[in-house]
Amino acid sequence: MMKRYYLYIAMLFAMGVSSCGKEWLKVTPIDNLSGNNYWQTEEDVKMFVGGLYSGFRTATMQQAFFPGTGDLRCAPLNRNSGSNATGAFMNWLSFVRDNNLNGIFDQYTDPARNYEPNQDFFGFHQIRDWSHFYRVIAKANIAVYEIDNMEDGILSESKKNQYIAEAVFMRNLSYFFLVRLFGNVPYYTEAYHDKSIGRTPMLDVLQAIDADMTMYYKDLPWTQEDPTEVGNRAMRGGAIALMMHINMWLAGFSDANKTTFYERTVSLGREVIDENEGSYGLMPLKQTKEIFKGRTKEGLFEITQNYNYGETFHLSAMYADNVLRAPYKFETIKNSYIHYDLDFMEEMYPRDLADERKSTWFEEDNLYAQDGQFVVLKNVNIFREEGEDFNPDDNMIVFRYADVILLRAEALAEIGGAANETEATNLINLIRSRANAAPLAGEAGQELKDFIWWERVRELLGEGHFYYDLVRTKRVLNSEFCVPIPIDAFYRGAWTWPIDRKALVNNPSMTLNPYWN
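Residues numbered from 1 in each chain as written. Predicted model: local features only at pLDDT ≥ 70, side-chain atom pairs only at ≥ 80, totals over all residues. Heavy atoms only, no water.

(A) Inspection of the side chain of R236 at higher detail. Considering the arrangement of structural elements, one finds R236 in helix α10 (residues 236–253). The charged side chain of R236 is buried without a salt bridge, its nearest counter-charge being E271 at 4.9 Å. Within the structure, R236 has its side chain in polar contact with the backbone oxygen of L220 (distance 3.1 Å). Non-local contacts of R236, meaning those with residues more than four positions away in its chain, are made with Y217, K218, L220, P221, W222 and Y280. (Helix = DSSP H or I, 4+ residues; strand = E, 2+ residues; numbered from the N terminus. Buried < 20%, exposed > 50% of the residue type's maximum accessible area, 1.4 Å probe, protein only. Lys, Arg positive; Asp, Glu negative; His and termini not counted. Salt bridge = Lys/Arg side-chain N within 4 Å of Asp/Glu carboxyl O. Polar contact = N/O pair within 3.5 Å; in protein donor to acceptor, adjacent residues only side chain to side chain. Contact = heavy atoms within 4.5 Å.)

What follows is the structure, encoded as structure tokens:
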């Protein structure tokens, strides 16, 4: 755990921010970010708050974070013969499928494999190092404190409140990601923190960040006036989506109070769907390119990249790297890296049921392919240099409007009762109508709950939700939905991620996850 955050953090925090609009790309020299020279203008505030987005981008998009932790863990995947995935270099695919996370790290220290830790191309050592997220949290804490204490007249009250709300959003988004990775995590909100602290129980952290968001989220606008900042700068819809996910995670681990959390999710969902002032909506599937390139009414929060401006994620950072081949990648890549078990694909997209997502988001003729030809075409904005293996030039969508609709439907189904199940069905049919899929009718009880889970898989495949949905619903224990984790291992912490031993340095209060360490 990081121990000391003094004022030099502000001095060192020079921001060339690639995750926001053009106004956030300016760079200020380091010697202008200190002491009496800083926190004196709105530009200072924009630079510092903008850097929170850049820090979050570094924490998630410079390694195989979303594929490794969200999309492919416990997924019924198979490595394709005739592709680069068959070599030892890609063993991580099998390790995350089987939830053998120690196997990932063992391969880099096994002399027989000729790997060293610095050859961890996919960045799994970075994922277990939670300091990347705590840097964002520490700086967000500083932003909240310093902006709140700025001299009068520099910012209007509404501007001040918005910048503080942005910092709070990034702080709590980082905490939520930490909880989903590690379970219990250290929690603090003080600026310039200088204490050794241990790990706070996961449910306490979740309730704290939900309360924190509740205090500030209405200071965020429904959308950004600058179209270059839509989706990639905090908006109220993204904040509400975060709160809905927090409450669904709380419900999944709180047997005694889960109805309270489901009801809060329903209420939050109603707010973002019914009160968004026309800021959000489902876009036609034919506009898939625009949805995943970003800055649309469907995107609630996303991380940007743009090859034309030199903004690129790590090659392994996007799910698309594993499910594309020629002609969507360089011509020598004949097979994609993975395909899914046939029964999983047939459950996700039944062969005899119409659904335009089959032809829009996949090569429909190869939807059930088991020979390397399976591809996912959600990410189809491709700009590459001759002879290079680049990924599509798409944003990473963290929260999408369709996700909110589905979370609200799930919460309604979990509460139960005829009226709630009817409303849940109507919400599901918003998603299915967009796909010209047959409407849902008549399902109730567990059948409805399972249908909603599969609808989330159909709609959100490759967007970082799969594994976390498995964990919070406990479907990760059931082979009908995934490569399962044994129940005894699950409750000993097998669903978490290993914590780097660096967390113990100079911190006698710290502990690791015993299942992995």
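(B) Representation of the packing of aromatic side chains. The full count for this structure, using the stated rule, is 46 aromatic pairs. The interplanar angle of 90° and the centroid separation of 5.4 Å between the aromatic rings of W130 and F182 together place this pair among those described as edge-to-face. Here W130, found in the loop between α6 (124–128) and α7 (131–148), pairs with F182, found in helix α8 (residues 157–182); they are 52 residues apart in sequence, far enough to count as distant. Judged by its relative accessible area of 3%, W130 is buried. Ring geometry for Y467 and Y468: centres 5.8 Å apart, planes at 65°, overall edge-to-face. In this pair, the class of Y467 matches that of Y468, namely buried. Cluster of aromatic residues (ring-pair linked, three or more members): Y340, F344, Y349, F362, F374, W453, W454, F466 and F481. For R236, the ring lying beneath its charged end belongs to W222, and the centroid distance is 4.8 Å. The side chain of K474 reaches across the aromatic face of F253, ending 3.9 Å from its centre. (Phe/Tyr/Trp six-rings, centres within 6.5 Å; stacked < 30°, edge-to-face > 60°. Lys NZ or Arg CZ within 6 Å of the ring centre and 35° of its normal.)

(C) Main features of α10. The end-to-end C-alpha distance of α10, which contains 18 residues, comes to 26 Å, matching closely the 26 Å that a straight helix rising 1.5 Å per residue would cover. Of all 18 residues making up α10, 17 are buried, and the element is well covered by its neighbours. (Expected span 1.5 Å × (residues − 1).)

(D) Structural detail: the nonpolar core. If you look at the biggest cluster of nonpolar residues, it comprises 161 residues, and the most contacted ones within it are F124, I147 and Y340. Counting residues per element, this core draws most heavily on α8, which supplies 15 residues. Non-local contacts of F124, meaning those with residues more than four positions away in its chain, are made with A64, G68, W92, I104, F105, Y108 and W497. (Core = buried A, V, L, I, M, F, W, Y, C linked by side-chain atoms within 4.5 Å.)

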